[in-house]
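Each chain, letter by letter, is given below.
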Amino acid sequence: MSYLNLALVQIASPSNNPDIEKRKQENYEKMEYYLNTIANMNPAVDLIAFPELYLNGLDPENWYLTAESIPGPLTNKLCEKAKELKKWIAPGSMFEKAETEGEAYNTAILISPEGEIVMKYRKVFIPYPLEPSIPGDDFPVYEIPNIGKVGFMICADGHYPEAARNLALKGAEVIIKPTLQGDWIGGQRNNLPIAITRAVENQCFVVSINHPNPIGMGHSVAVDPEGRIIEELGDSESFTIVYLNLDEVRRVREYGSMGMFGFLKMLKEFKEAGKPVDECYQIGIEAAPIYQTFETPNAKTPADIRKYAPQTQQKTFSV
């Protein structure tokens, strides 16, 4: 059997220091505390994962000033820590300076026990106008030796089936989703069903790590390939460890899920159904008829937001 023993750390940013570099250092020190605690408490843990945009600290007005290069000072510290502890680290996401001045990506990385950044994912689906980052253009997957393949989504990516499907078709068996979702963004009726749905339709583990209250709503969760919740945290700062048997992914993808007959074989059936299933991709999503019905562009800034005003049609009645 192949297990990925993964720690979900639902951590709150402790620092509102106006000095951005000191703030990031204080946040890193708290992350380091959890890394040391978990590694020493349970040597069997393979990978320790954190939420979206924890290290930067939330600062909408100075978001670009919190960005740095990858590799850079923060990631260098994390690489040294991974090497010291001999653990895989997924430190959530952080703003990464882009090639163009004044722009940044929301980027998640995977660091190996040798202290190397082995995978970098830039968030593709940006929830404008809440977030000012620019989108990435790839869905990388990395194979952890002797364990299995992992990929990233970041928060809003989870709402788009194509993000997880791209990872699954590249072989991802575990999707790690650093998240920053408050109760005002859909609440639990949105958060948990999204994780469960992405797991079921891609027959893989989905692990979502959120911020606790008051910034996020907590409820970090690990879901198995058949949609069962393995572990779910509450809304306060905490952590838990899950033991993911990746042979379950291989079993479900090969033989199906939901009962002894295994009638749900989503990935196999998607392939065998052929052209009717992927019609939307064959014609190009941008050519889909629904896009002819939209009248307003996607709002990129608060100034772009327009109130919905349905058009009323005048009707003439004759008696």
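Residues numbered from 1 in each chain as written. Predicted model: local features only at pLDDT ≥ 70, side-chain atom pairs only at ≥ 80, totals over all residues. Heavy atoms only, no water.

1. Details of the overall build of the protein chain
Here is step 1 of the chain: Scanning the protein chain for helices and strands turns up seven helices and 13 strands.
Here is step 2 of the chain: Its C-alpha radius of gyration of 21 Å places the protein chain within 12% of the 20 Å reference for a compact globule of 319 residues.
Here is step 3 of the chain: C-alpha extents for the protein chain along the principal axes are approximately 85 × 55 × 35 Å.
Here is step 4 of the chain: Counting only residues that meet the buried cut, the protein chain has 51% of its 319 residues in that class.
Here is step 5 of the chain: Expressed as a percentage of contacts within the protein chain between residues at least 6 apart in sequence, the contacts between residues at least 24 apart total 67%.
Here is step 6 of the chain: Of the charged side chains in the protein chain, 31 are positive and 43 negative, and the gap between their average positions amounts to 2 Å. (Helix = DSSP H or I, 4+ residues; strand = E, 2+ residues; numbered from the N terminus. Rg over C-alpha atoms; globule rule 2.2 N^0.38 Å. Buried < 20%, exposed > 50% of the residue type's maximum accessible area, 1.4 Å probe, protein only. Contact = heavy atoms within 4.5 Å. Lys, Arg positive; Asp, Glu negative; His and termini not counted. Charge placed at Lys NZ, Arg CZ, Asp CG, Glu CD.)

2. What about the packing of helix H3 (residues 161-169) against helix H4 (residues 188-202)?
Here is step 1 of the chain: Between H3 and H4, the shortest axis-to-axis distance is 10 Å and the interhelical angle comes to 40°. The angle between H3 and H4 falls in the class oblique. Crossing of H3 over H4 shows right-handed handedness. Across the interface between the two elements, Pro161, Ala164, Arg165 and Ala168 of H3 pack against Arg198, Glu201 and Asn202 of H4. (Axes fitted to C-alpha atoms, helices over the stretch in contact; angles between N-to-C directions. Parallel < 35°, antiparallel > 145°, perpendicular 65-115°, else oblique. Left-handed = near helix turned anticlockwise from the far one by under 90°.)

3. Remarks on the pattern of salt bridges
Here is step 1 of the chain: The tally for this structure, following the rule as stated, stands at 19 salt bridges.
Here is step 2 of the chain: Between Asp138 and Lys170 there is a salt bridge; the shortest N-O distance is 3.3 Å. Taken together, the positions of Asp138 in the loop between strand E6 (117-122) and strand E7 (141-144) and Lys170 in the loop between H3 and strand E9 (174-178) put the pair 32 residues apart, joining distant regions of the chain.
Here is step 3 of the chain: Taking the relative accessible area as the measure of exposure, Lys170 reaches 39% and is therefore partly exposed.
Here is step 4 of the chain: Ionic pairing is found between Glu248 and Arg251, a salt bridge with its closest N-O pair at 2.8 Å. With a gap of three residues between them, Glu248 and Arg251 both fall in helix H5 (residues 247-255), about one helical turn apart.
Here is step 5 of the chain: The class of Arg251 is partly exposed, set by a relative accessible area of 31%.
Here is step 6 of the chain: Linked through salt bridges whose partners overlap, the residues forming this network are Asp224, Glu226, Arg228, Glu248 and Arg251. (Salt bridge = Lys/Arg side-chain N within 4 Å of Asp/Glu carboxyl O.)

4. Things to note about the side chain of Glu96
Here is step 1 of the chain: Mapped onto the secondary structure, Glu96 falls in strand E4 (residues 93-97).
Here is step 2 of the chain: For Glu96, a relative accessible area of 2% corresponds to the buried category.
Here is step 3 of the chain: Among the polar contacts listed, one links the side chain of Glu96 to the side chain of Thr107, at a separation of 2.7 Å.
Here is step 4 of the chain: A distance of 3.0 Å separates polar atoms of two side chains, one belonging to Glu96 and the other to Arg122. (Polar contact = N/O pair within 3.5 Å; in protein donor to acceptor, adjacent residues only side chain to side chain.)

5. Let's talk about the nonpolar core
Here is step 1 of the chain: Within the largest apolar cluster, 42 residues are counted, with the highest numbers of intra-cluster contacts made by Leu4, Leu6, Leu47 and Val174.
Here is step 2 of the chain: Take this core: its biggest share by element is four residues, from strand E10 (residues 205-209).
Here is step 3 of the chain: Counting 25 residues, the second largest nonpolar core, distinct from the first, contains Leu35, Ile38, Ala39 and Leu85. (Core = buried A, V, L, I, M, F, W, Y, C linked by side-chain atoms within 4.5 Å.)

6. Observations regarding the packing of aromatic side chains
Here is step 1 of the chain: Counting across every chain of the model gives eight aromatic pairs.
Here is step 2 of the chain: An angle of 75° between the planes, with centres 5.5 Å apart, marks the rings of Tyr33 and Tyr34 as edge-to-face.
Here is step 3 of the chain: Residues Tyr121 and Phe139 carry aromatic rings whose centres are separated by 5.9 Å and whose planes lie at 25° to one another, so their mutual orientation is stacked. Here Tyr121 is found in strand E6, whereas its partner Phe139 is found in the loop between E6 and E7, with 18 residues between them in sequence. (Phe/Tyr/Trp six-rings, centres within 6.5 Å; stacked < 30°, edge-to-face > 60°.)

7. Topic: the sheet that holds E9
Here is step 1 of the chain: Strand order in the open sheet made by the six strands is E7-E8-E9-E10-E11-E12, with mixed pairing throughout. Two strands lie at the open edges of the sheet, namely E7 and strand E12 (229-232), each paired on one side alone. Averaged over neighbouring strand pairs, the angle between their axes works out to 20° when direction is ignored. (Pairing = 2+ DSSP bridges.)

8. Here's the deal with the confidence of the model for the protein chain
Note that predicted coordinates carrying low pLDDT should not be read in detail.
Here is step 1 of the chain: On average, residues of the protein chain score 91 in pLDDT, and 95% of them reach the 70 mark or higher.
Here is step 2 of the chain: The low-confidence segment residues 314-319 (pLDDT under 50) makes zero contacts with residues lying over four places distant or belonging to another chain. (pLDDT = per-residue confidence, 0-100.)

9. Things to note about a nonpolar patch on the surface
Here is step 1 of the chain: A cluster of nonpolar residues, Tyr281, Ile285, Ile290, Tyr291 and Phe294, forms a patch on the protein surface that exposes about 500 Å² of accessible area.
Here is step 2 of the chain: Checked against the element boundaries, Ile285 lands in the segment after helix H7 (279-282).
Here is step 3 of the chain: A residue is classified by how much of its surface remains accessible, and Ile285, at 35% relative accessible area, is partly exposed. (Patch = residues over 30% accessible without salt bridge, like charges linked within 9 Å, V, L, I, M, F, W, Y side chains within 5 Å. Areas by Shrake-Rupley, 256 points an atom, 1.4 Å probe, with all protein chains shown as cover.)

10. Here's the deal with the pairing of E6
Here is step 1 of the chain: Alignment of strand E5 (residues 104-111) against E6, held across five bridges, turns out to be antiparallel. The residue of E6 that forms the bridge with Leu110 is Met119.
Here is step 2 of the chain: Taken together, E5 and the strand that follows it, E6, pair antiparallel across an intervening segment of five residues, in which Gly115 is found at a positive phi of about 80°.

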